[in-house]
Amino acid sequence: MSLFAGIDIGSLSTEAVIIDQQAAMVAAVILPTEAHSTKAAETALEAALEQAGARRPELARIVATGYGRVSVPFAHKAVTEITCHGAGAHHLFPGTGTVIDIGGQDSKVIRLGPGGKVVDFTMNDKCAAGTGRFLEVMAAKLGAGLDELGPLSRAARREVAISSVCTVFAESEVVSLVARNEPREDIIRGLHRAIVNRVWSMVRAVGVEGQVTMTGGVAKNSGVVELLEEKVGQPINVYREPQIVGALGAALLARDQARALG
Ligand SMILES: Nc1ncnc2c1ncn2[C@@H]1O[C@H](COP(=O)(O)OP(=O)(O)OP(=O)(O)O)[C@@H](O)[C@H]1O
Ligand SMILES: [Mg+2]
């Protein structure tokens with residue numbers, strides 16, 4: 001049996017997905033990237049092989065993506081995250097016209113045309129504001145776990161306006177808000193609003209057409225998803241494990257490439 005693997009080495013997390021010839025997912029793992037991209041890719045792939053009960057020679061082709069994609073010596077090809085998140089989102093939600101991927105280090109908005117082909121995209125990788133990193137910094141300051149941000153934000157009674165766009169200044173703003181005894185829920189909702197405003201200007205630049213699908217770790221934050229849905233004016237598709245969508249896309253491309261090569 002031939003299997004195909006996709007590995008996404010992100011700034012924070014590394015994912016490995018293995019699919020079979022029918023594109024059914026036989027393994028999916030998420031691990032922290034830590035300090036070494038090559039090691040993270042190797043460990044994630046080994047864990048995925050174990051989950052699938054498969055051996056390395058059964059992998060007909062491996063595609064790497066993510067910022068660490070050039071550090072995967074055993075991959076047959078490296079493909080950009082734009083293409084992979086597009087392919088993964090199209091496979092899971094075929095009606096997707098716009099993909100929003102918010103990861104730890106950058107955020108991207110991708111427009112898909114017929115067949116899931118990328119027709120346009122925009123990206124913010126210059127600054128932590130508008131990325132998951134911004135939320136990590138603020139969650140640490142507020143003593144909240146990442147998985148608590150969504151439920152806390154949704155329990156907010158009010159919303160505190162965060163005026164700084166810069167992560168460093170917003171952090172000191174949060175410190176003063178805490179000192180003024182502003183409820184944590186209200187501050188978190190304000191922080192989510194700040195992210196959503198940033199991402200929304202990217203969405204507008206690329207355009208909304210058809211269904212909107214969100215990928216990447218921040219899609220696990222129901223507070224951000226809810227505020228984005230308000231802006232977009234329609235429900236947003238979120239796969240049950242949004243962090244693996246890029247790796248799934250890479251695995252699907254590995255399968256396509258293997259077929260094209262005969
Ligand atoms: N359980 C969770 N609940 C809410 N948010 C989460 C959760 N886990 C991760 N996140 C958010 O997801 C972000 C990381 O996303 P992801 O794993 O997609 O990043 P990455 O692919 O490593 O980074 P990049 O693509 O930017 O290189 C974190 O910064 C955090 O804000
Ligand atoms: Mg990523």
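Residues numbered from 1 in each chain as written. Chains lettered and ligands numbered in written order. Predicted model: local features only at pLDDT ≥ 70, side-chain atom pairs only at ≥ 80, totals over all residues.

> Outline the site of ligand 1, supporting the account with residue identities and numerical values.
Within the structure, ligand 1 sits among 23 residues, and Gly-10, Gly-103, Gln-105, Gly-132 and Gly-217 are positioned closest to it. Of all the elements in the fold, those that place two or more residues in the shell around ligand 1 are α3 (132-141) and α4 (146-154). If you tally residues by element for the shell around ligand 1, the top one is α3, at four residues. Residue composition of the shell around ligand 1, grouped by class: six nonpolar, twelve polar and five charged. Per-domain counts for the shell around ligand 1 show at least three residues from each of domain 1 (1-93 + 241-262) and domain 2 (97-238). (Near = placed C-beta within 6 Å. Helix = DSSP H or I, 4+ residues; strand = E, 2+ residues; numbered from the N terminus. Nonpolar A, V, L, I, M, F, W, Y, C, P; charged D, E, K, R; others polar. Domains from an automatic or database assignment.)

> Please provide a residue-by-residue account of the pairing of strand β7 (residues 107-112), values included.
Counted residue by residue, β7 has six buried out of six residues, so it is predominantly covered. In β7, alternate side chains face the same way, and those of Ser-107, Val-109 and Arg-111 on one face and Lys-108, Ile-110 and Leu-112 on the other are all buried. Where strand β6 (residues 96-102) lies against β7, five bridges are found, and the strand directions are antiparallel. By the bridge assignment, Val-99 is partnered in β7 with Ile-110. Here six bridges tie β7 to strand β8 (residues 118-124), and the two strands are oriented antiparallel to one another. (Buried ≥ 20, exposed ≤ 12 C-beta atoms within 10 Å, placed from the backbone. Pairing = 2+ DSSP bridges.)

> Describe unusual backbone geometry, naming the residues involved and giving the relevant values.
For Ala-23, which is not a glycine, the phi torsion comes out positive at approximately 70°. Inspection of the secondary structure puts Ala-23 in the loop between β2 (13-19) and β3 (25-32). Overall, Ala-23 belongs to the partly exposed group, with 13 C-beta atoms counted inside 10 Å. Located in the positive-phi region is Glu-34, a residue other than glycine, with phi close to 55°. Checked against the element boundaries, Glu-34 lands in the loop between β3 and α1 (37-52). Classification of Glu-34 as exposed rests on a count of 12 C-beta atoms within 10 Å.

> Residues and numbers for the sheet that holds strand β4 (residues 59-65), please.
Hydrogen bonds between backbone groups are what pair the strands of a sheet, and the pairing can be parallel or antiparallel. Taken in spatial order, the five strands line up as β3-β2-β1-β4-β5 in an open sheet, and their pairing is mixed. Two strands bound the open sheet, and with one partner strand each, they are β3 and β5 (77-78). Note that strand β1 (residues 3-9) and β2 share six bridges and pair antiparallel. Considered in β2, the bridge of Gly-6 is made with Val-17. Along the sheet face, α1 touches β1, β2, β3 and β4 and points at about 145° away from the line of β3. (Contact = placed C-beta atoms within 7 Å. Axes fitted to C-alpha atoms, helices over the stretch in contact; angles between N-to-C directions.)

> Got a sec to walk through the environment of Ser-37? Specific residues and values, please.
Along the chain, the position of Ser-37 falls in helix α1. Under the C-beta neighbour-count criterion, Ser-37 is labelled buried, with 22 such atoms within 10 Å. As for Ser-37 and Thr-14, which are separated by 23 residues in sequence, their C-alpha atoms are 8.4 Å apart.

> Help me get a handle on the packing of α4 against helix α6 (residues 184-206), residues and values and all.
Think of two packed helices as two axes; the pair is described by the angle between the axes and how far apart they sit. α6 packs onto α4 with a crossing angle of 105° between their chain directions and a minimal axis gap of 8 Å. On the basis of their axis angle, the class for α4 and α6 is roughly perpendicular. Only Arg-184, Glu-185, Ile-188, Arg-189 and His-192 of α6 make contact with α4, whose side of the interface consists of Leu-149, Leu-152 and Ser-153. Looking at side-chain class alone, the contact of α4 with α6 contains three nonpolar, two polar and three charged residues. (Parallel < 35°, antiparallel > 145°, perpendicular 65-115°, else oblique.)

> Run through the nonpolar core, naming residues and quoting values.
Ranked by internal contacts, the top residues of the largest apolar core, which has 76 residues, are Ala-5, Ile-7, Val-17, Ala-48, Ala-250 and Ala-251. Per element, the largest residue contribution to this core is eight residues, and it comes from helix α8 (residues 245-260). Setting aside anything within four residues of it in sequence, one finds Val-17 in contact with Ala-5, Gly-6, Met-25, Ala-27, Ala-28, Ala-48, Ile-244, Ala-247, Leu-248 and Ala-251. (Core = buried A, V, L, I, M, F, W, Y, C linked by C-beta atoms within 7 Å.)

> Just give me the short version of the domain arrangement of the chain, but keep the residues and values in it.
Its domain assignment divides the chain into domain 1 (1-93 + 241-262) and domain 2 (97-238). Computed over C-alpha atoms, the centres of domain 1 and domain 2 are 26 Å apart. With 19 residues of domain 1 at the interface, the matching set in domain 2 holds 21 residues. Secondary structure elements with two or more residues in the side of domain 1 that touches domain 2: α2 (81-92) and α8.

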